[in-house]
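# Coordinate analysis (summary)
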There are 4 protein chains.
Amino acid sequence: MKGIGIAVLGYGRIGRIHADNVRAFPGAHLVAVSDPELGAGLQPPADVPWSKEAGSIIADPAVEAVMICTPTPTHAALVEAAASAGKHVFCEKPLDLDPAVAARTVRAAERAGVFLQIGFNRRFDPSFRRVRDAVQSGEIGALCMLRVVSRDPAPPPIEYVRSSGGLFLDMMIHDFDMVRFVSGQEVEEVQAFGAVHIDPRIGEAGDVDTAVVSLRLASGALATIENSRRAVYGYDQRLEAFGVDGAIEAGNRTASTTWLKRAEGVRSESPLHFFTERYEVAYRLELAAFVETIRNGSEPECNGRDALPPLAIAVAARRSLESGRPEPVLAAGAE
Amino acid sequence: MKGIGIAVLGYGRIGRIHADNVRAFPGAHLVAVSDPELGAGLQPPADVPWSKEAGSIIADPAVEAVMICTPTPTHAALVEAAASAGKHVFCEKPLDLDPAVAARTVRAAERAGVFLQIGFNRRFDPSFRRVRDAVQSGEIGALCMLRVVSRDPAPPPIEYVRSSGGLFLDMMIHDFDMVRFVSGQEVEEVQAFGAVHIDPRIGEAGDVDTAVVSLRLASGALATIENSRRAVYGYDQRLEAFGVDGAIEAGNRTASTTWLKRAEGVRSESPLHFFTERYEVAYRLELAAFVETIRNGSEPECNGRDALPPLAIAVAARRSLESGRPEPVLAAGAE
Amino acid sequence: MKGIGIAVLGYGRIGRIHADNVRAFPGAHLVAVSDPELGAGLQPPADVPWSKEAGSIIADPAVEAVMICTPTPTHAALVEAAASAGKHVFCEKPLDLDPAVAARTVRAAERAGVFLQIGFNRRFDPSFRRVRDAVQSGEIGALCMLRVVSRDPAPPPIEYVRSSGGLFLDMMIHDFDMVRFVSGQEVEEVQAFGAVHIDPRIGEAGDVDTAVVSLRLASGALATIENSRRAVYGYDQRLEAFGVDGAIEAGNRTASTTWLKRAEGVRSESPLHFFTERYEVAYRLELAAFVETIRNGSEPECNGRDALPPLAIAVAARRSLESGRPEPVLAAGAE
Amino acid sequence: MKGIGIAVLGYGRIGRIHADNVRAFPGAHLVAVSDPELGAGLQPPADVPWSKEAGSIIADPAVEAVMICTPTPTHAALVEAAASAGKHVFCEKPLDLDPAVAARTVRAAERAGVFLQIGFNRRFDPSFRRVRDAVQSGEIGALCMLRVVSRDPAPPPIEYVRSSGGLFLDMMIHDFDMVRFVSGQEVEEVQAFGAVHIDPRIGEAGDVDTAVVSLRLASGALATIENSRRAVYGYDQRLEAFGVDGAIEAGNRTASTTWLKRAEGVRSESPLHFFTERYEVAYRLELAAFVETIRNGSEPECNGRDALPPLAIAVAARRSLESGRPEPVLAAGAE
């Protein structure tokens, strides 16, 4: 009756979201959480055991699966530790900034025979999934063009920009995954244009805050991704797929469906402010899929191998930004 | 850490919704459920004690509050039993088809000093609440007109129609509450037009399946309510308030935000099919408000006294349908 | 090649709209205009003959048809004068505030064997016509409910209110026509609720500025009309028809299709401000229909007999406002 | 009173649109039309003189201005002929497929001291103009990204594709102009991706039918243009501008504002089918601007010099498609 026993490693913002979802999910229960800051900067949970370090929790026989929500540099080691302890793993993206390390980690999980699900939460957004279904079922015919818009409401701290691997690796990686998810295709070539419009310190850190990337997919379909570190009107997350027999668009979600009409104009609601609100349902469905995978013994829809191509595309996009020309996406080498 | 102990009385469709929400809610826990059909037509829950009768569960000291989700004719007695046992009560609407019985029940809860919250779930819909806030904060100025659209996707079984008190009591009662909730005013006069367009058996049962009701509020503002037992395109639940300084509308919710464009036209999603989907969030927020009330010792926003005016309006509307003229709404007599 | 020769009687705002449309219409030409104010308060046209009085213009053999755009009290006499001169007539609504006079005028035109088209311009709005087509073709099944929203951006001068016959005759008469036009049915009973929310002087003049009217149609379908003398957000003209197999709504038109998204929210355009903009296309299509009628010798789609029921409904609505109960719509007596 | 005398050269589809607009325009009159096919394949107009050749019409002293609506290869010679006869010129785009010829023609008109307006009709679409105004007034702050979607409902005849200069010159040239119009900036670099998804014969003719082009503007702002020769759901013409202080989008126009809701879903209208409907208002406003230019002696908002950069961008885009890398836009050389 208690369902799958899950531990959450890393108890920051995203860790607490996952922990709360596990608490509320009928087919799972939260066994423990770990975070080096617990008892220091972070308030420990009152309902479950906690620890400053992950090792003992991974070893706990009541823990069947872990959800890794720690900083990126720790992902690979934690995945490997959990896998060798025979625990199923959900890991937040990216697996690692280095594609080779990521590939090695995927192989480690495969050898250990545990499931590894990657936290590409947008795949579980009902609107984006509807677009994917329309594309892959043939409702709009062969795909010609795909557009992904992804704009954050505000830039991250400048320190984060310095260590995150930059816009292509920390932000657009989600969009690279969406292109693969919606199209069901691999990306072969990428051309990146970038600029600094929002904050000159981002430029000084060697990154861009505004980027338009064009991608050529295996079938010859074309895709564009637009990223901005700041949209003053809120978190802007949209998709548009165009095919030979039609098109489908997914818009933003709002807190209410109201329209306010006054002398100064007609107003609808702004998009939900940020990812915790916009993807609230997606996070729950993502957990449900992970539990389902463990329960049914079926491979995750978004498994470790899906972690690698977005990394390879991000690397190619960065290369294109520097070379000023289209660059091929090189094989990720997960074999 | 376990939060408020809650029992759910009645484990049919709406009972299971509330029970699941209690299970998932961090500040509450499900102590037990009761339903005469448990072990017979109904599958008992595996995670909590259950009983065919409510009495022992009400008496259980671990139960601080009950949620009454049984058929309407049992509501009054269960509220009174729980109240005299000192338990806080959440009761699905309507308290009773007879306004006098309902008023007596409200007084019983008040004398017992327990909180009584009425299950007018739509008050917790974020879009409708936004309309209420716009009206009551003065954003659209003094209210002139209010429109409530409420159409079910399909009519209930004809047996239900025969015993429910009819469209005004089983369906439009929600809309009468919305008029009070949004306007913050009492209804003084009501004119009902009705017709049978959907199913002649509803007419044979002495009811209508289509109704347009006009209401005059205390301030002189006018309201209309449109009900239909069947909208083939789904559950249609909308509000529109018009004031001297503006207007605000609330539309339907959809499963996704997509638009599909094909040769035959441009399609958006149909409204969410029925109340379990449309008001999923509202049910959760309603429970949160109930728990908050108990925890803080503050009167529920929607308490027993709010149960009475919608009944009185429904009775007046039925009278108007028969007399063919506007009828005054008579005092509910909860004093 | 010059097409039908048309004179415009009355050269105020609406007269100039029609005159400009005649000027631009390939199948017609403007022969002359008349208005008692020409040469005084009104600037005469430079391109066609003009006169202060209508008689000589009606008599001009080059004039095959007249468009009567003068104040309401002069309509009946001008229609009769033009008809007895054998000229086809387009007359702005209402024919006359007195249903008996209007009926007599209709008979006069019929006896004279000329066409008489009534200026119910909204019938030519492409969106409203689409709703009519959906209703009458059976696309939404048998009609259950119809809603007409009609709100002006600002009230007329108080002197106009005093002489216009009041809100039901000068404003809602359009909506009564829309109910007949969309439903293809006659109205049998009407219940009016009214209030003064916008300007107390309107109340002092014996009128209301806010009204909600419910109507029962011949088939048992129900309709509501909402009127306000002032919507601060612009001219609000919408329709919604609900039937057993679906529904159709027509919204407002805007000057552009843009959405502006800024920190303070997401804005769409306000409705086009007033009837000259909103019904610009309708006025042109209305003229085209009139020219077509004359050219083909076919009865106008909206002829003199259509002028009478809206008057009868308006009279019944006024009666209902005074009696406080539903009133039957009495036969207009055009036989 | 007759206004500016205008002749229309070329009486095919677009010529007839302009001729009808001149006929209806209060400040202008149609003096004559010419087309080699008149009296042969084309029905001559009944209301004005016509000729198979343009020369005599250009020479007619009643002709103050000409509108050139002939096939592209004849544009340059006709502009020069009209200019040397001292007539103002409106010329459909493109001036010529060869940028050098186009530049020479512009200089010829300038030397002759006549106005030359280029038929970039989309500049007069009220929605696109609203976007331009928002960008240039600073309403959305400094421009970061601009997106132009332009999809035709069906591909042109394959013979047209063979002689038109290809997608970049016959179709996307409008979008290159929109980028300049909206941004108020010049394009510096362009990267074209293209594919053949619609009709293999287009590929055999050496062209693409699907293209995504990225452009870098002088300020560092980035733009994308998406073209398809066929959108099965109709003529898709949209704009989206994103700036540091907000964004603005312009959507398609529809024949009505209706929503149809039935069991199979909720439908809005498809976009207006093609340019004659979508840009009906734009064509009228474009003529009004031309007449205004002549009347006021003020330079056209969209003059000959505006014809050149879109040609230069199209040439660069074609070059990029072939080189597979971003290409600079070379100076047009109109000096």
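Residues numbered from 1 in each chain as written. Chains lettered and ligands numbered in written order. Predicted model: local features only at pLDDT ≥ 70, side-chain atom pairs only at ≥ 80, totals over all residues.

With that settled, consider the sheet that holds strand E3 (residues 50–51) of chain A. Residue and element names in this part refer to chain A. With parallel pairing, the 6 strands of this open sheet are ordered in space as E3-E2-E1-E4-E5-E6. Both edges of this open sheet fall to E3 and strand E6 (116–118), since each of them pairs with a single strand only. Relative to strand E2 (residues 28–34), strand E1 (residues 4–9) is paired through 6 bridges, and the arrangement is parallel. Paired with valine 8 across the two strands is valine 33, which belongs to E2. Docked against the sheet, helix H3 (residues 75–84) engages E1, strand E4 (65–68), strand E5 (88–91) and E6, running at close to 165° with respect to E5. (Pairing = 2+ DSSP bridges. Helix = DSSP H or I, 4+ residues; strand = E, 2+ residues; numbered from the N terminus. Contact = placed C-beta atoms within 7 Å. Axes fitted to C-alpha atoms, helices over the stretch in contact; angles between N-to-C directions.)

Okay, the interface of chain C and chain D next. In this complex, chain C contributes 29 residues to the contact, which on the side of chain D involves 28 residues. For the side of chain C that touches chain D, the elements supplying multiple residues, two or more each, are helix H1 (13–24), helix H5 (126–136), strand E12 (246–250) and strand E13 (258–262) of chain C. Here E13(C) pairs with strand E12 (residues 246–250) of chain D via 4 bridges, running antiparallel. Bridge pairing in E12(D) links C:Leu260 to D:Ile248.

It is worth spelling out the relation of the copies chain C and chain D at this point. Superposition of chain C onto chain D requires a rotation of 180° combined with a translation of 0.0 Å along the rotation axis, giving an RMSD of 0.0 Å. Look at the turn and shift together and you get a two-fold axis relating the two. Using C-alpha coordinates, one finds that chain C approaches the rotation axis most closely at C:Ala24, a distance of 2.1 Å. Mapped onto chain D, 97% of the interface residues of chain C again fall at the interface, so both copies present the same surface. (Least-squares fit on C-alpha atoms with pLDDT ≥ 70 in both.)

Moving on, we get to the sheet that holds strand E1 (residues 4–9) of chain B. Residue and element names in this part refer to chain B. Taken in spatial order, the 6 strands of this open sheet run E3-E2-E1-E4-E5-E6, and their pairing is parallel. The open sheet has two edge strands with one neighbour each: strand E3 (50–51) and strand E6 (116–118). Bridging between strand E2 (residues 28–34) and E3 involves 2 bridges; their strand directions are parallel. Across the sheet, residue serine 34 finds its bridge partner in E3, namely serine 51.

Time to look at helix H11 (residues 280–296) of chain D. Residues and elements named next belong to chain D. With 17 residues, H11 extends 25 Å from end C-alpha to end C-alpha; this agrees with the ideal 24 Å at 1.5 Å per step. Along H11, the residues that are buried comprise Ala282, Tyr283, Glu286, Leu287, Phe290, Val291, Thr293 and Ile294. Looking at the buried residues of H11, the elements they touch are strand E1 (4–9), helix H1 (13–24), strand E2 (28–34), strand E4 (65–68), strand E5 (88–91) and strand E6 (116–118). Glycine 297 sits one or two residues past H11 and shows a positive phi near 65°. (Expected span 1.5 Å × (residues − 1). Buried ≥ 20, exposed ≤ 12 C-beta atoms within 10 Å, placed from the backbone.)

To continue, consider the packing of helix H5 (residues 126–136) of chain D against helix H8 (residues 172–183) of chain D. All names here are of chain D. Relative orientation of the contacting elements H5 and H8 amounts to 45°, with a least axis distance of 7 Å. Relative to H8, H5 is oriented oblique. Two secondary-structure elements touch here, H5 through Phe128, Val131, Arg132 and Val135 and H8 through Met178, Phe181, Val182 and Ser183. Counted by class, the contact of H5 with H8 contains 6 nonpolar, 1 polar and 1 charged residues. (Parallel < 35°, antiparallel > 145°, perpendicular 65-115°, else oblique. Nonpolar A, V, L, I, M, F, W, Y, C, P; charged D, E, K, R; others polar.)

This paragraph deals with the domain arrangement of chain A. All names here are of chain A. Partitioning chain A into structural domains gives domain 1 (4–114) and domain 2 (123–277 + 310–328). Inter-centroid distance (C-alpha atoms) of domain 1 to domain 2 is 28 Å. Contact with domain 1, which involves 6 residues of that partner, is made by 7 residues of domain 2. (Domains from an automatic or database assignment.)

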